[in-house]
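As a plain string of letters, each chain reads:
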Amino acid sequence: MKFPGSVLASVFLFVAETTAALYLSSTYRSGGDGMWQALTLLFSLLPCALVQLTLLFVHRDFSRDRPLVLLLHLLQLGPLFRCFEVFCIYCQSSHVEEPYVSITKKRQMPKNGLSEEIEKEVGQAEGKLFTHRSAFSRASVIQAFLGSAPQLTLQLYISTLQQNVTVGRCLFMVLSLLSIVYGALRCNILAIKIKYDEYDVKVKPLAYVCIFLWRSFEIATRVIVLVLFTSVLKAWVVIDILINFLSFFCYPWILFWCSGSPFPENIEKALSRVGTTIVLGFLTLLYAGINMFCWSAVQLKINNPDLISKSQNWYQLLAYYMLRFIENAFLLLMWYLYKTDIYMYVCAPLLILQLLIGYCTAILFMMVFYQFFHPCKKLFSSSVSESFQEWLKCACCDCRRQKSCESVEKTDLRFPADREETPSSSKISSMPSQILNTDELCSA
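All chains use their own residue numbering, which begins from 1 and follows the written sequence. Reporting of local features is limited, given that this is a predicted model, to residues whose pLDDT is at least 70; pairs of side-chain atoms are given and counted only at 80 or more, and all residues count toward the totals for whole chains, interfaces and linings. Computation of side-chain values covers all heavy atoms of the structure but excludes hydrogens and water.

**Student:** How do you make sense of the overall build of the protein when you look at a structure like this?
**Tutor:** Each helix is a run of DSSP H or I of at least 4 residues and each strand a run of E of at least 2, with the numbering of both proceeding from the N terminus. A count of helical and extended segments in the protein gives 12 helices and 2 strands. Across the protein, helices and strands are ordered from the amino to the carboxyl terminus as α-α-α-α-β-β-α-α-α-α-α-α-α-α. Restricting the contact set of the protein to residue pairs at least 6 apart, pairs at least 24 apart contribute 74%. All accessible-area figures derive from a Shrake-Rupley calculation using a 1.4 Å probe, and residue coverage is judged against the displayed protein chains alone. As presented, the protein carries roughly 25,600 Å² of accessible surface, and 66% of it is formed by carbon and sulfur atoms. By definition, residues are in contact when any of their heavy atoms lie within 4.5 Å.

**Student:** Help me understand the packing of aromatic side chains, please; the structure alone is not making it clear to me.
**Tutor:** Aromatic rings in a pair are described by how distant their centres are and how their planes are angled relative to each other. Any pair of Phe, Tyr and Trp rings, taking the six-membered ring for Trp, is counted once the centres come within 6.5 Å. Such a pair is stacked with planes under 30 degrees apart, edge-to-face with planes over 60 apart, and tilted for the rest. Taken as a whole and judged by the stated rule, the model has 16 aromatic pairs. On the basis of an interplanar angle of 15° and a centroid distance of 6.0 Å, the ring pair of phenylalanine 217 and phenylalanine 365 is categorised as stacked. Of this pair, phenylalanine 217 sits in helix H7 (residues 205-232) while phenylalanine 365 sits in helix H11 (residues 348-373), and the two are 148 residues apart along the sequence. Residue classification places phenylalanine 217 among the partly exposed positions, given a relative accessible area of 34%. The cut-offs for exposure are 20% and 50% of the maximum accessible area for each residue type, with area from a 1.4 Å probe on protein chains only; residues under the lower value are buried, those over the upper are exposed, and the others partly exposed. A relative accessible area of 22% means that phenylalanine 365 is categorised as partly exposed. Aromatic pair phenylalanine 325 and tyrosine 359: ring centres 6.5 Å apart, planes at 35°, arrangement tilted. Separated by 34 residues along the polypeptide, phenylalanine 325 in helix H10 (residues 314-338) and tyrosine 359 in helix H11 bring together distant segments of the chain. On the accessibility criterion, tyrosine 359 (2% relative accessible area) is buried. Charge-over-ring contacts are defined here by two conditions on Lys NZ or Arg CZ: a distance within 6 Å of the ring centre and an angle within 35 degrees of the ring normal. A cation sits over an aromatic face here: arginine 215 above tryptophan 214, 4.2 Å from the ring centre. Here the guanidinium or amino end of lysine 339 rests over the ring plane of tyrosine 336, the centre of that ring lying 4.2 Å away.

**Student:** Quick question: what am I supposed to make of the layout of surface pockets here?
**Tutor:** Over the atoms, a rolling probe the size of a water molecule traces out where space has been left empty. Whether a set of points on the 1 Å grid over the protein atoms alone is a cavity depends on a 1.4 Å probe fitting there but being unable to get out, while an open set qualifies as a pocket with protein on both sides within 12 Å along at least five of seven lines; lining residues are those with an atom within 4 Å of a point. Grid points are joined across faces, edges and corners, and a volume is the space filled by probe spheres set on the points. Taken as a whole, the second largest pocket holds about 700 Å³ of empty space. Considering the residues around the second largest pocket, the lining is formed by 23 residues, among which Phe43, Pro150, Thr153, Ile241 and Phe293 are closest to the centre. As a working rule, the residues Ala, Val, Leu, Ile, Met, Phe, Trp, Tyr, Cys and Pro are called nonpolar, Asp, Glu, Lys and Arg charged, and the rest polar, with Gly in that last group. Among the residues forming the lining of the second largest pocket, the class breakdown is 19 nonpolar, 3 polar and 1 charged.

**Student:** Please clarify how empty space enclosed by the protein should be interpreted in this entry.
**Tutor:** A complete count under the given rule lists 4 cavities of 30 Å³ or more for this structure. There is about 80 Å³ of room inside the second largest cavity. Along the walls of the second largest cavity sit 13 residues, with Glu17, Phe43, Ser44, Pro47 and Gln143 positioned nearest its centre. Within the residue set of the lining of the second largest cavity, elements represented by two or more residues are helix H1 (5-30), helix H2 (34-59) and helix H5 (124-162).

**Student:** Sorry, what's going on with the packing of H2 against helix H3 (residues 67-74) here?
**Tutor:** The geometry of a pair of packed helices is captured by two quantities: the angle between their axes and the separation between those axes. The N-to-C vectors of H2 and H3 enclose an angle of 160°; their axes lie 9 Å apart at closest approach. In terms of orientation, H2 and H3 fall into the roughly antiparallel class. In this structure, H2 uses Gln52, Leu55 and Leu56 to contact H3, whose residues at the interface are Val69, Leu70 and His73. Here the contact of H2 with H3 is built from residues that sort into 4 nonpolar, 2 polar and no charged. To obtain each axis, a line is fitted to C-alpha atoms, and for helices this fit is confined to the stretch in contact; angles are then taken between N-to-C directions over 0 to 180 degrees. In this scheme, roughly parallel covers angles under 35 degrees and roughly antiparallel covers those over 145, while 65 to 115 is roughly perpendicular and the rest are oblique.

**Student:** Even after reading the chapter, I still don't get a positive patch on the surface, so can you show me in this structure?
**Tutor:** Here a patch means residues that are over 30% exposed by relative accessible area and free of salt bridges, tied together within 9 Å if like-charged and within 5 Å if nonpolar (Val, Leu, Ile, Met, Phe, Trp, Tyr). In the sections that follow, a salt bridge refers to a side-chain nitrogen of Lys or Arg positioned within 4 Å of a carboxyl oxygen of Asp or Glu. We treat Lys and Arg as the positive residues and Asp and Glu as the negative residues; His and chain ends play no part in the count. Where a charge lies is defined by one atom per residue type, namely NZ (Lys), CZ (Arg), CG (Asp) and CD (Glu). A cluster of like positive charges, contributed by Lys111, Lys202, Lys204, Lys377 and Lys378, occupies part of the molecular surface. Tracing the chain through its elements places lysine 378 in the loop between H11 and helix H12 (384-443). Residue class for lysine 378 comes out exposed when judged on its relative accessible area of 53%.

**Student:** Just checking my understanding: could you explain unusual backbone geometry for this structure?
**Tutor:** In most cases, non-glycine residues show a negative phi, while peptide bonds are predominantly trans. Backbone geometry places glutamine 76, a non-glycine residue, at a positive phi of 65°. Position of glutamine 76 relative to the elements: it lies in the loop between H3 and helix H4 (78-93). Positive phi outside glycine occurs at glutamine 163, with the angle close to 50°. Of note, glutamine 163 is situated in the loop between H5 and helix H6 (167-195).

**Student:** Can you walk me through the pattern of salt bridges in this structure?
**Tutor:** A side chain of one charge can pair with a side chain of the opposite charge if their charged atoms are brought near each other. A complete count under the given rule lists 4 salt bridges for this structure. A salt bridge links arginine 222 to glutamate 327; the nearest nitrogen and oxygen atoms lie 3.3 Å apart. With arginine 222 in helix H7 and glutamate 327 in helix H10, this residue pair connects regions lying 105 residues apart in the sequence. Note on accessibility: arginine 222 and glutamate 327 belong to one class, buried.

**Student:** I would appreciate a short explanation of the nonpolar core in the present structure.
**Tutor:** Grouping buried Ala, Val, Leu, Ile, Met, Phe, Trp, Tyr and Cys residues that are joined through side-chain atoms within 4.5 Å yields what is termed a nonpolar core. Judged by nonpolar contacts, the single largest core of 49 residues is most densely connected at Val141, Phe145, Ile219, Ile290, Leu332 and Trp335. For this core, the secondary-structure elements that each account for two or more residues are H1, H2, H5, H6, H7, helix H9 (273-293), H10 and H11. When residues in this core are grouped by element, the largest group, 10 residues, is from H5. Ignoring anything within four residues of it in the chain, the contact list for tryptophan 335 reads Leu228, Ser231, Val232, Tyr343, Ala348, Leu351 and Ile352.

**Student:** Where do I start with a nonpolar patch on the surface in this structure?
**Tutor:** A surface patch of nonpolar side chains, about 650 Å² in accessible area, is lined by Val15, Leu68, Leu71, Leu74, Leu75, Leu77 and Leu80. Broken down by element, the nonpolar patch gets its largest block of residues, 3 residues, from H3. Along the chain, the position of leucine 68 falls in helix H3. By relative accessible area, leucine 68 is classed as exposed at 56%.

**Student:** What am I meant to see in the state of the cysteines here?
**Tutor:** Two cysteines form a disulfide when their sulfur atoms are joined by a covalent bond. Two cysteine sulfurs form what is called a disulfide whenever their separation falls within 2.5 Å. Applying the stated criterion across every chain yields a total of 0 disulfides. Cysteine cysteine 91 is unpaired, with the sulfur of cysteine 88 as its nearest cysteine sulfur at 6.9 Å.

What follows is the structure, encoded as structure tokens:
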């Protein structure tokens, strides 16, 4: 049975980040910074509450008679109790022989074009551990993008304004960045397992390393760009955030309404129509929060029973990173034009170049992952390099068409002038014949 290391990592980040947030808020209070204290507590306690609700929802404890569990979650101690429960199940599984097992069928990755189906016995303990891992993975994603991401942006903004980074704040920012990167990594793994649920997916260590580097560069550069832009144009950053957030929040609903599909009723049997709407609204909120900082790796599809599109669309991925790169470059340009005296000793062109190169490095690691280390790359209809080559061919064809259209327009402009010259030349050539005809008549 696999060691529940992901559960341990999720609980460690949850406890460490919450403890650091409480300590840092106390320092803000002692320093008289009431607004920074309130925002730090808000971005710490709100995701804590959402994590408790997620764990209760996945384990379906609302419909079960477990008052002690509900009390522990109310006291924000739910993840610690769940972690203790996970390790109790893991330790007892090696000593107790299970009388009942279930059989699951999975397909192996195709080899030489053939894919075999294998059967695997899953005991009750392993099934419980799978549910716990799934719950903690979802909780890590929620904590990362609804708590750690705005928290890191806030603390970096405070450090920029005060031009000072304390040890406690530096440690807190490192923990927040690790939490976001880990949440993005879990999001990638969840996306792979949901899209290829019928296959036996095994992620190699090099794939984890590649995803970690990809997400680290992408999220770090994105947060720094937002902080720099906020420090010089506070009002305009609200417009930028609203446009990004509303675009990603409304996009799945627009696709759902355009498809004409009925309202999904099979998310959870115990949920009413209002409860289903709340759950879908929360999912789109989380989807928008993820795409604010990085690529979500999944496409939310409300009319799908799994709520996720299982098709791999390289063009959406390409469009996202192209638009995000253009947006980051534009925000950095605005920061360069309106930067204040606090950046007097900062080499602005060098910083802009480093941030743009950092984002390009993230894209490079992303392409390396999908090209070489994706566990299901054999199932792709086309690889990243092939899709990129097709896109380049389409772009080159469009350029050639534009050039040919311009050349045709130029020739069309020349033709009327030629046509105007042609009648005049005919008239000139007809005059000698007329003169010859009159001379002949006179001689006659």
